[in-house]
Amino acid sequence: MASKAKKPLTDIAKLTRPQAKVEHMRLALELEAHDRRYYQDDAPVVSDAEYDALRQRFNAIEKRFPELVSAESPSQKIGAAPSGRFRKVRHAVPMLSLDNAFAEADVRDFAERIQRFLKLADDKIDFSAEPKIDGLSMSLRYEGGELVTAATRGDGAEGEDVTANIRTLDDVPQKLKGRNVPDICEVRGEVYMTKKAFLALNRKQVEAGEAPFANPRNSAAGSLRQKDPSITASRPLGFFAYAWGEMSAMPEETQTGMIGWFERCGFRTNPLTRLCHSVEQLIAFHRRIEESRAGLDYDIDGVVYKVDRIDWQERLGFVSRTPRWGIAHKFPAEQAVTVLRDIEIQVGRTGTLAPVGKLEPVGVGGVIVQNVTLHNEDYIRGVGGDGELIREGRDIRIGDTVVIQRAGDVIPQVVDVLIDKRPKGAREFHFPKKCPCPLHTDVVREETATGEEGSRARCTGEFACPFQKIEHLKLFVSRRAFDIDGLGEKQLQYFFDEGWVKEPGDIFTLQKRNSRLKLEEIEGYGETSVRNLFAAIDGRRRIALERFIFALGMRHVGETTALALARGYGSWEAFHDACLKVARGDEEAIAEMDALDQIGDTVIASVAAYFGESHNRGIVDRLVKELEEIVDAERPKSNSKVAGKTVVFTGSLEKMTRDEAKATAERLGAKAAGSVSKKTDYVVAGPGAGSKLAEAKKHGVTVLTEDEWLKLIGE
Ligand code: IVH
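These figures come from a predicted structure and were not determined experimentally.

(A) The arrangement of the site of the ligand in detail. Around the ligand sit 14 residues, and of these Glu 130, Ile 133, Glu 190, Tyr 242 and Lys 306 come closest. Within the contact set of the ligand, an oxygen atom lies 2.8 Å away from a side-chain nitrogen or oxygen of Glu 190. In isolation the ligand has 520 Å² of accessible area, and contact with the protein removes 88% of it. Looking at the shell around the ligand, the elements that each hand over two or more residues are β3 (127–133) and β10 (300–307). Broken down by element, the shell around the ligand gets its largest block of residues, four residues, from β3. Class assignment for the residues of the shell around the ligand results in seven nonpolar, two polar and five charged.

(B) Summary view of the packing of aromatic side chains. Going through the model one piece at a time under the given rule, you end up with 22 aromatic pairs. Judged by centre distance (5.9 Å) and plane angle (55 degrees), the ring pair of Trp 261 and Phe 262 falls under tilted. A relative accessible area of 8% places Trp 261 in the buried class. The exposure class assigned to Phe 262 is buried, which follows from its relative accessible area of 0%.

(C) Region of interest: the side chain of Ser 137. Structurally, Ser 137 is set in strand β4 (residues 136–143). Other than its neighbours up to four places away in sequence, Ser 137 contacts Met 95, Ala 151, Thr 152, Arg 153, Gly 189, Glu 190 and Tyr 242.

(D) Main features of the pairing of strand β14 (residues 334–347). In the sheet, β14 pairs with strand β17 (residues 401–406) via six bridges, with the strands oriented antiparallel. When the bridges of β17 are listed, Glu 334 appears paired with Arg 406. Judged from the seven bridges that link them, β14 and strand β15 (residues 353–364) form a sheet pairing that is antiparallel. Looking across to β15, one finds that Leu 340 is bridged to Leu 359.

(E) Summary view of the pattern of salt bridges. Tallied over the entire structure, the rule returns 39 salt bridges. Put simply, Arg 397 and Asp 395 hold a salt bridge, and the shortest N to O gap is 2.9 Å. Through salt bridges with shared partners, a single ionic network connects Arg 141, Glu 143, Glu 186, Arg 188 and Glu 246.

(F) Fine view of the sheet that holds strand β25 (residues 682–685). Taking strand neighbours across the sheet as the criterion, the four strands line up as β24-β23-β25-β26 in an open arrangement whose pairing is parallel. In this open sheet, the two strands that pair with only one neighbour each are β24 (671–673) and β26 (702–704). Along the sheet, successive strands turn relative to each other by an average axial angle of 30 degrees, direction set aside.

(G) Representation of the sheet that holds strand β13 (residues 326–330) within the structure. The sheet built from five strands is open, its strands ordered β2-β13-β10-β3-β9 with mixed pairing. Each having just a single partner strand, β2 (99–101) and β9 (274–276) make up the two edges of the open sheet. With direction set aside, neighbouring strand axes in the sheet form an average angle of 35 degrees. For β3 and β9, the ladder comprises three bridges, and the chain directions are antiparallel. Bridging from a neighbouring strand, Ser 128 pairs with Leu 275 of β9. Of the strands in this sheet, β2, β3, β10 and β13 touch helix α3 (residues 104–117), which is tilted by about 175 degrees from β13. Against the sheet, helix α8 (residues 255–265) makes contact with β3, β9 and β10, and its axis sits at roughly 55 degrees relative to β3, the strand it touches most.

(H) Spotlight on the packing of helix α12 (residues 466–477) against helix α13 (residues 489–497). Two elements in contact, α12 and α13, have axes separated by 10 Å at closest approach and are oriented at 140 degrees. Looking at the two axes, α12 sits oblique to α13. For the crossing formed where α12 meets α13, the hand is right-handed. In this structure, α12 uses Pro 466, Lys 469, Ile 470, Leu 473, Lys 474 and Val 477 to contact α13, whose residues at the interface are Glu 489, Leu 492, Gln 493 and Phe 496. Residue composition of the contact of α12 with α13, by class: six nonpolar, one polar and three charged.

(I) Expanded view of the packing of helix α19 (residues 572–583) against helix α20 (residues 587–594). With their axes 8 Å apart at the nearest point, α19 and α20 run at an angle of 120 degrees to one another. Here α20 runs oblique to α19, going by the angle between their axes. The interaxial crossing formed by α19 with α20 has left-handed handedness. Within the contact between the two elements, α19 uses Ala 578, Cys 579, Lys 581 and Val 582 and α20 uses Ala 589, Ile 590 and Met 593. Split by residue class, the contact of α19 with α20 holds six nonpolar, no polar and one charged.

Reading the values: the criteria
- Residues numbered from 1 in each chain as written.
- Predicted model: local features only at pLDDT ≥ 70, side-chain atom pairs only at ≥ 80, totals over all residues.
- Heavy atoms only, no water.
- Near = heavy atom within 4 Å.
- Polar contact = N/O pair within 3.5 Å; in protein donor to acceptor, adjacent residues only side chain to side chain.
- Areas by Shrake-Rupley, 256 points an atom, 1.4 Å probe, with all protein chains shown as cover.
- Helix = DSSP H or I, 4+ residues; strand = E, 2+ residues; numbered from the N terminus.
- Nonpolar A, V, L, I, M, F, W, Y, C, P; charged D, E, K, R; others polar.
- Phe/Tyr/Trp six-rings, centres within 6.5 Å; stacked < 30°, edge-to-face > 60°.
- Buried < 20%, exposed > 50% of the residue type's maximum accessible area, 1.4 Å probe, protein only.
- Contact = heavy atoms within 4.5 Å.
- Pairing = 2+ DSSP bridges.
- Salt bridge = Lys/Arg side-chain N within 4 Å of Asp/Glu carboxyl O.
- Axes fitted to C-alpha atoms, helices over the stretch in contact; angles between N-to-C directions.
- Parallel < 35°, antiparallel > 145°, perpendicular 65-115°, else oblique.
- Left-handed = near helix turned anticlockwise from the far one by under 90°.

Here's what the structure looks like:
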């Protein structure tokens, strides 16, 4: 079979959202397959370098499109590293897991099994009862009292060497305290992140344009699996010691004794751990911890019972991969039954309309829940994201009795509707066609990557929608847009709340209005900072076209697309004129925009929606009036052989993607058009070229193969 030359990959900055979504999905599957081969089958089929390149591309896509991150993403999985791989470490003693108990009866069975196994008649068995921390387990090997290796659990037999990163944790001593510590000590326990630190980290991640983590456990894993230990050091990770691996000598005879020894060595252990003398005490412990669960600052998903006497633990041993001497008594998913009083629509940061269920307040796992997310229109109807029925197709109506669930820290969900409790007057919910914002703009459903109607509904009000305004303003002043020094998010929010800055143009009239506003009297401001602020604002009255276009905050128009538009039209006047025409549905203007490199239907639709709203047009006009100059875009390189020529690509290209071919042509000063006309200079035809090739022949246009084109442009 002839091997096909690999197409170069599209620059991530140039990916449209739908393209990114498809590629993200493809890479996720590929990475998962490689991870499986590497971690489970021990038979990788790619080199580490190739794997790293895939993962880097995947991470870069998630960084640019954080909304693609889900709990299932390989970036969030424990069995995969966010950047590169770590050396493998074989555990001297395997790291196994615990069997689960869910009901009290399972706990009684567990204790009876032990009693029978040990053939104990009246001897009482003591158990250590400990919270089950929802983090990731770690094995720390000390030789001569010094930390030598820290390894993740991995598949239980082999983990990954994260020593450099673990050394940055305050809870992990580099050297064991105390005299006469055994020569070899493997201390095991759980690395975790507090809920507070997790929330703070996610806020920072989002601010920095990074993908947020799904839960504290993933954020702890992600923080630990960094190639650069300084990143781990910047993340607040904790460690509780609770078990051991290889020990050249045992310093204690019981589990609780070992916990005391860990403390003497300099470790932290969980303060809720107790010694229990009966099954009743274990069950009471479970109940007590479950009650206090919501108030703890770290996630736990159950409690663990362990036979306290280590000699008994040794006699009991393991059944396949779980010990006979220990069990995890899990907490049930926190559920409650209540009545759905109403459904409200909230407009999110990016204009997404989120239906929120208003509940008859109910306690779930120690917290009172009044609101529940209903995701989107389809979810309410009983249809999931993949078109499959959820809740067996039962829809949610106002007045329904619903079962809600809180899993860990996540926002409560409706898991079921009790149809037999549905009252006569239960009302079907009609998803609004107009946004609830004061503008009542049209609501549209987003398209999926394959161009089908998606489940998310959006407000089209963009800049004019008060809910979206402040977010757009933040983008407007950000470093990549107008980059106004001294006008950070905090100040902007203040000005917005006071009604002093309602839209971008208002920023430029602050100085004129200051005799009334008196910014220098605001706490934290002074004469100098106000003077500096006004100077910074004035300094931005002259702005490059691409920055200006980006700052408008049109959906799907990121920096790269803004640059493509700026280069395509050259001046603000030309661009503005084209946008107004596109919004009116002018076919020629649409075709012209479509012919631009990197610009396709999604961007055109977004431009049309934006300039189709008179509020947006007003905002843009008022802003432009305040500026001195919108600087024309830099014209593409013009000394190439194809500068000023018009080229059409058709058929399938083998050495590059269509987008890439267009980008190269544009970069060299050529215009990449979508259709062939008399004005076309070259048609580059690959296999499968059809009507455009025929058109070229009709007009006598030079037809080139892909290789001839590459030769012409010298690549
Ligand atoms: S003892 C033989 N104690 O739960 C395994 N595990 O399913 C001995 N965990 O992989 C583990 N808190 O990550 C133990 N107090 C605790 C724990 C605990 C959390 C985790 C650990 C382990 C998993 C077992």
